[in-house]
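Here's the letter readout for the chains.
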Amino acid sequence: MTLAKSLPLYSQVKEKLLEAIRTGVYAPGDKLPTEQELCDRYQVSRTTVRLALQQLEFEGRITKIQGKGTFVQKGKIPHYTLGPIVSFSDQMQALGKQSESRILEAAVISSDQALEEILGIPEKSPVTKFVRLRFADHEPVSYEVCYIPWQIAPGLSGKNLTGSLFKLLKEEYNLQVYRSVDRLEPVIIGHDVAEILQAEPGSPAFQIKTVSYIKDGTPVEYSIGVFRSDLANFIVERRNNL
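Bear in mind that the values here come from a model prediction, so they are computed numbers and not experimental data.

1. With respect to the overall build of the protein chain
Move 1: Secondary structure summary: the protein chain contains 7 helices and 8 strands in total.
Move 2: Across the 242 residues of the protein chain, 42% fall into the buried class.
Move 3: Considering only intrachain contacts with a sequence separation of at least 6, the fraction spanning at least 24 residues in the protein chain is 56%.
Move 4: Of the roughly 14,300 Å² of accessible surface on the protein chain, a fraction of 50% belongs to carbon and sulfur atoms.

2. Digging into the packing of aromatic side chains
For any two aromatic rings, the description comes down to two numbers: the centre-to-centre distance and the angle of the planes.
Move 1: Applying the stated criterion across every chain, the model contains 2 aromatic pairs.
Move 2: Both rings, one in Tyr 10 and one in Tyr 213, keep their centres 6.4 Å apart while their planes meet at 20°; by these two values the pair is stacked. Within this pair, whereas Tyr 10 is found in helix H1 (residues 9–22), its partner Tyr 213 is found in strand E7 (residues 204–213), the two being separated by 203 residues in sequence. Tyr 213 shares its class with Tyr 10; the two are buried.

3. Brief notes about helix H6 (residues 165–173)
Move 1: Inspection of H6 places Leu 165, Leu 168, Leu 169 and Tyr 173 among the buried residues, and these make up the whole buried set. Viewed along the axis of H6, the buried residues span an arc of 100°, placing them on a single side of the element. Facing away from the buried side of H6 by more than 90 degrees, the exposed set consists of Lys 167 and Glu 171.
Move 2: Where the residues of H6 are buried, they touch strand E4 (126–136), strand E5 (139–149) and strand E8 (219–228).
Move 3: The positive-phi residue at the C-terminal boundary of H6 is Asn 174, with phi of around 55°.

4. Brief notes about the packing of helix H2 (residues 35–42) against helix H3 (residues 46–58)
Move 1: Remark: H2 packs on H3, axes separated minimally by 9 Å, with the N-to-C direction vectors making an angle of 110°. Here H2 lies roughly perpendicular to H3, going by the angle between them. The residues of H3 that touch H2, namely those facing Glu 35, Gln 36, Leu 38 and Cys 39, are Arg 46, Val 49, Arg 50 and Leu 53.
Move 2: Grouping the amino acids of the contact of H2 with H3 by side-chain chemistry returns 4 nonpolar, 1 polar and 3 charged.

5. Brief notes about the layout of surface pockets
Move 1: Of the pockets and cavities examined, the second largest pocket occupies roughly 1,100 Å³.
Move 2: Contributing to the lining of the second largest pocket are 39 residues, with Glu 57, Lys 64, Gln 113, Ala 114 and Glu 117 lying nearest its centre.
Move 3: Those elements that place two or more of their residues in the lining of the second largest pocket are H2, H3, strand E1 (62–65), strand E2 (69–72), helix H5 (113–119), strand E6 (179–188), E7 and E8.
Move 4: The greatest single-element share of the lining of the second largest pocket, amounting to 7 residues, is contributed by H3.
Move 5: Along the lines of polarity and charge, the residues of the lining of the second largest pocket split into 14 nonpolar, 11 polar and 14 charged.

6. Some remarks on the side chain of Glu 144
Move 1: Mapped onto the secondary structure, Glu 144 falls in strand E5.
Move 2: Within the local environment of Glu 144, its side chain forms a polar contact with the side chain of Arg 132, the two groups lying 2.7 Å apart.
Move 3: Here Glu 144 is in contact with Phe 130, Val 131, Arg 132, Arg 134, Ser 223, Ile 224 and Gly 225, once residues within four sequence places are set aside.

7. Topic: the pattern of salt bridges
Move 1: All chains considered together, the criterion is met by 9 salt bridges.
Move 2: Across the pair Arg 102 and Glu 100 runs a salt bridge whose closest N-O atoms are separated by 3.0 Å.
Move 3: Here Lys 129 and Glu 105 are joined by a salt bridge, their closest N and O atoms 3.8 Å apart. Pair noted here: Lys 129 is in strand E4 and Glu 105 is in strand E3 (residues 99–110), with a separation of 24 residues, a long-range link.
Move 4: Glu 105 gets classed as partly exposed once you look at its relative accessible area, which sits at 32%.
Move 5: The network of salt bridges with common partners includes Glu 35, Arg 46 and Arg 50.

What counts and how
Residues numbered from 1 in each chain as written. Predicted model: local features only at pLDDT ≥ 70, side-chain atom pairs only at ≥ 80, totals over all residues. Heavy atoms only, no water. Helix = DSSP H or I, 4+ residues; strand = E, 2+ residues; numbered from the N terminus. Buried < 20%, exposed > 50% of the residue type's maximum accessible area, 1.4 Å probe, protein only. Contact = heavy atoms within 4.5 Å. Areas by Shrake-Rupley, 256 points an atom, 1.4 Å probe, with all protein chains shown as cover. Phe/Tyr/Trp six-rings, centres within 6.5 Å; stacked < 30°, edge-to-face > 60°. Arc of directions from axis to C-beta. Axes fitted to C-alpha atoms, helices over the stretch in contact; angles between N-to-C directions. Parallel < 35°, antiparallel > 145°, perpendicular 65-115°, else oblique. Nonpolar A, V, L, I, M, F, W, Y, C, P; charged D, E, K, R; others polar. 1 Å grid on protein atoms, 1.4 Å probe; cavity = no way out; pocket = protein on both sides within 12 Å on 5 of 7 lines; lining within 4 Å. Points joined across faces, edges and corners; volume = space filled by probe spheres on them. Polar contact = N/O pair within 3.5 Å; in protein donor to acceptor, adjacent residues only side chain to side chain. Salt bridge = Lys/Arg side-chain N within 4 Å of Asp/Glu carboxyl O.

So, in structure tokens, the structure goes:
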């Protein structure tokens, strides 16, 4: 099957699969072809197919079941919005609040299968992991765990990570983040994170999983953030394209 040339290969495969889901070729609950079958169909590498599937899974369109395969998701309905990429400190400044970030952990670790699929990196690749706690007017608002492939940003764990990560990647490694995809879901705060956020265990929170990409479609960052629902909310603005 012929693919267009205007998008990265994995995005082209993703769009072809989305088209098949939209037109009913694959209905909710249907099993998708195997990775190898998709490689043969679209004449692309397994890495390309995995990146396409990872994006679809991240957006809630498909789900992987260990030992059984990949299936079209049913139940959840994704809603999409577009907005600018704004740093936490800039957001707080716009709200007239004082922001602060504390680094709780910064280290280089070995990737696991989940990170390898999300970031499109080889097996057991080194990955920079750092954990930071965000404050607004001295109150802890969010707990965030970030993963960046070491190969694209060596030595990152030794840098000052309290400011804007995207600004740091641009200034130190010439990596300009072009877009980010966020997936937001309500969660219950576990005991360990509740203690860090000074919240009651079992209280509601927002979880945001983010994958960020440079212009050629390469994933450069994956993060998981937990936001206290008593201190944070999310506003969606929609406009009519007249």
